[in-house]
Amino acid sequence: MLRLKILLLAVLPLSFALSVIIFILFFQSDDLIEEQLQRVETNVISAKTDELKHYMHMALTAVDHVYQNAGDDDEVAKEKVKAILNDLTYGKDGYFFVYAGDGTGLVHPSQPEIVGLNWWGLQDSKGRLVIKELTERARRGGGYYRYLWEKPSTDTVAEKLSYAVMLDKWDWMIGTGIYLDEIYDQIETRKKEIKDRIERAFILIFWIAVVALVGVFLSGLVINATERKLADTQLKELTQRIVEFQEEERGRVSRELHDGISQILVSVKYSIELAIDKMKTGTGDAIKPMEKGAMGLREAIGEVRRISRDLRPSVLDDIGLSAALDAMSHEFGERTAIEVSFKKHPFTKQLGQDVKTTLFRIAQEALTNIERHSGASQVKIELVKRVDGVRMIISDDGVGFDVLRMEGRKNAFQGIGLRNMQERIEFHGGELTVWSSPDKGTVVEAKLPLRVLQVEQ
């Protein structure tokens, strides 16, 4: 009965937390969708404004040979420019319009009835003076304006974004624009699709949560029915198994991966992307970046194999800490050409298995840092027993670093593994000390209290 109550106390908070999370996500999804779609709309409108400038440049280029050689009152040239602009179209509803400085229509391919009449005071349904505002923006060196206008392809009124400039010699306002209704329709369609997907995701999450809760509850009932008695010895075994599992898990997701593999794979990714880009555009030789990517993959494979081999060497369990450190030093020296000296010490047999693992991991992390950062040629590993406890000292003759500057930064040591060593040694009541300075090498000392030594049976 007690176990059932404990199980309920575990399931109820879990179900409550899942319900709160789903509730919050559901009510925040609309805001997230609107925010994302607003960004999409802004980006699309920005792209369209650049597109309008491009079309205007195209039109000005088309009439430039006539306009530049014409006088202020050259009617023949004016008619030629009108004809050119009247024939310039793009897309389904793209055209150019021209108005005189006083608002008289001169060119309007989609609505020829506008030509010859004055539209200076023309307002759309929202009271915006369309021709007046466009002309004023054009006089200021060119500008954009939004308003409502009839769309030729549908004969309906839609919001339009136009860009206008002045032909100063003739006091003409020339403009072009795009209709925004299709953009808004696409955004609304996208919004509906996103909402549908979110709703389906919520339903899926809900049922997964239900199944998980039922599974937890049923599993608890089964455990409660089959295991009615748990002795002290079983508790001790379970605790030990948890510790062993944690160590195995730490080995699997080893912090040794925190620098090398990810950087190599990012480099490979960039090389492949560069090769793909070169193949698509035909702008260069794609073989070199592919070869570089292949070299990176080979390096990554070698690194994975090395880390896999180092995660849990069997010699640490079978022979002991000294033998494991000696083997690791020998392998490190062969791989890196860095000379490593290490002297075996018999007192390590008095250390518990977890302490041996900690010291081995610290030495392993230190050698990894030396290989990657120090540029050293010699490394010395000392494992000594003193009256106040056990010390492991690892020193190198590398480039070193400014310890005071590193300590002044938040999480400064995390990237080079010193934080990992410190966490491991503090678990056993020990202390990690680092001495280093630029161009004078680095010394890492791990101190463990005397109580870690066990009396040999």
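Small disclaimer: the values here were computed from a predicted structure and weren't measured. (Residues numbered from 1 in each chain as written. Predicted model: local features only at pLDDT ≥ 70, side-chain atom pairs only at ≥ 80, totals over all residues. Heavy atoms only, no water.)

## Brief notes about the pairing of strand S7 (residues 339–342)
Of the two faces of S7, only the one carrying Val340 and Phe342 is buried; Glu339 and Ser341 on the other face are not. As paired elements, S7 and strand S8 (residues 378–386) share four bridges and run parallel to each other. The residue bridging Phe342 from the neighbouring strand is Ile381, located in S8. Taken together, S7, helix H10 (residues 353–374) and S8 constitute a β-α-β crossover, and its handedness is left-handed. (Buried < 20%, exposed > 50% of the residue type's maximum accessible area, 1.4 Å probe, protein only. Helix = DSSP H or I, 4+ residues; strand = E, 2+ residues; numbered from the N terminus. Pairing = 2+ DSSP bridges. Right-handed = clockwise from strand over helix to strand, strands pointing away.)

## What about the environment of Gly375?
For Gly375, the position within the fold is in the loop between H10 and S8. What makes Gly375 exposed here is its relative accessible area of 69%. On a C-alpha basis, the gap between Gly375 and Asp397 in space is 8.2 Å, while along the polypeptide they are 22 residues apart. Setting aside residues up to four positions removed in sequence, Gly375 forms contacts with Ile370 and Gly398. (Contact = heavy atoms within 4.5 Å.)

## Thoughts on helix H6 (residues 260–281)
Between its terminal C-alpha atoms H6 stretches 32 Å, which fits the 32 Å expected from 22 residues at 1.5 Å a residue. Within H6 the residues assigned to the buried category are Gly260, Ile261, Ile264, Val268, Ser271 and Ala275. For H6, the angular spread of the buried residues around the axis is 95°, confining them to a single face. Exposed positions of H6 whose direction lies more than 90 degrees from the buried face are Gln263, Tyr270 and Lys280. Two residues or fewer past H6, Gly282 is found with a positive phi of approximately 65°. (Expected span 1.5 Å × (residues − 1). Arc of directions from axis to C-beta.)

## Points about the layout of surface pockets
The computed volume of the second largest pocket comes to approximately 290 Å³. Around the second largest pocket, the lining is made up of 15 residues, and of these Lys48, Glu51, Ile178, Tyr179 and Glu182 lie nearest the centre. The set of elements that each furnish at least two residues to the lining of the second largest pocket consists of helix H1 (2–67), strand S6 (172–179) and helix H4 (181–226). Grouping the amino acids of the lining of the second largest pocket by side-chain chemistry returns five nonpolar, four polar and six charged. (1 Å grid on protein atoms, 1.4 Å probe; cavity = no way out; pocket = protein on both sides within 12 Å on 5 of 7 lines; lining within 4 Å. Points joined across faces, edges and corners; volume = space filled by probe spheres on them. Nonpolar A, V, L, I, M, F, W, Y, C, P; charged D, E, K, R; others polar.)

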